[in-house]
Amino acid sequence: QVRLVESGGGLVQPGGSLRLSCAASGSIFAINRMAWYRQAPGKQRELVARITNSGRTNYVDSVKGRVTISRDDAKNTVYLQMNSLKSEDTAAYFCNAEIQSRYGSSWDYYWGQGTQVTVSS
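Predicted model only: the values in this text are computed from it and were never measured. (Residues numbered from 1 in each chain as written. Predicted model: local features only at pLDDT ≥ 70, side-chain atom pairs only at ≥ 80, totals over all residues. Heavy atoms only, no water.)

Undergrad: Help me get a handle on the overall build of the chain, residues and values and all.
TA: In terms of helices and strands, the chain carries zero helices and 11 strands. At 14 Å, the chain has a C-alpha radius of gyration in line with the 14 Å of a compact globule built from 121 residues. The dimensions of the chain, computed from C-alpha atoms along their principal axes, are 50 × 25 × 25 Å. Within the span of the chain, comprising 121 residues, buried residues form 41% of the whole. Put simply, 57% of the contacts in the chain that link residues at least 6 apart link residues at least 24 apart. A gap of 1 Å separates the mean positions of the 14 positive and 9 negative side-chain charges of the chain. (Helix = DSSP H or I, 4+ residues; strand = E, 2+ residues; numbered from the N terminus. Rg over C-alpha atoms; globule rule 2.2 N^0.38 Å. Buried < 20%, exposed > 50% of the residue type's maximum accessible area, 1.4 Å probe, protein only. Contact = heavy atoms within 4.5 Å. Lys, Arg positive; Asp, Glu negative; His and termini not counted. Charge placed at Lys NZ, Arg CZ, Asp CG, Glu CD.)

Undergrad: Account for the pairing of strand S1 (residues 2–7), naming residues and giving values.
TA: A regular strand places its side chains on the two faces of the sheet in alternate fashion. Of the two faces of S1, the one holding Val2, Leu4 and Glu6 is buried and the one holding Arg3, Val5 and Ser7 is not buried anywhere. Summarising the sheet, S1 and strand S3 (residues 18–26) pair through six bridges and their orientation is antiparallel. Each residue of the ladder has a partner; that of Val2, found in S3, is Gly26. (Pairing = 2+ DSSP bridges.)

Undergrad: Which residues make up unusual backbone geometry, and what are the values?
TA: Even without being glycine, Asn76 reaches a positive phi, approximately 50 degrees. Structurally, Asn76 can be placed in the loop between strand S7 (67–72) and strand S8 (77–82). By relative accessible area, Asn76 is classed as partly exposed at 24%.

Undergrad: Quick one: what's the story with the state of the cysteines, residue by residue and with numbers?
TA: Tallying each qualifying case throughout the model produces one disulfide. Through a disulfide, Cys22 is tied to Cys95; the S-S separation comes to 1.9 Å. You can see Cys22 sitting in strand S3 and its partner Cys95 sitting in strand S9 (residues 91–100), a full 73 residues away along the chain. Like Cys22, the residue Cys95 is buried in the burial classification. (Disulfide = S-S within 2.5 Å.)

Undergrad: Describe the nonpolar core, naming the residues involved and giving the relevant values.
TA: Among the nonpolar cores identified, the biggest contains 28 residues, and Trp36, Val78, Leu80, Met82 and Tyr93 are the most heavily contacted of them. The dominant element in this core, judged by the number of residues it contributes, is S9, at five residues. Excluding its chain neighbours within four sequence positions, the residues that come into contact with Val78 are Leu20, Ser21, Cys22, Met34, Trp36, Ile51, Ile69, Ser70, Arg71 and Cys95. (Core = buried A, V, L, I, M, F, W, Y, C linked by side-chain atoms within 4.5 Å.)

Rendered as structure tokens:
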């Protein structure tokens, strides 16, 4: 079994910063793409940022210049550094990873349980 556990969410004032972490554990042979999504109340889940195993990154336009995704493959962990936070960044943040559990097995997508980010004064 594979498990993704997020941490680092919380309450922050506008203009503040947070660093989210997501650690993958369990039966893992390889990890390809890792990504962060978010879902605000009443809205659809949206992709915030993603990073490939070669380090290529993509960001949704609304966070470009304020957010950085990175990964530590030795720790099977993906990070999301968020700066200059705005009220519209308030959402539950979920990590997602494309993982191969054993050599030659299929690549499957896994989700974490989510961590809440609230930006408010």
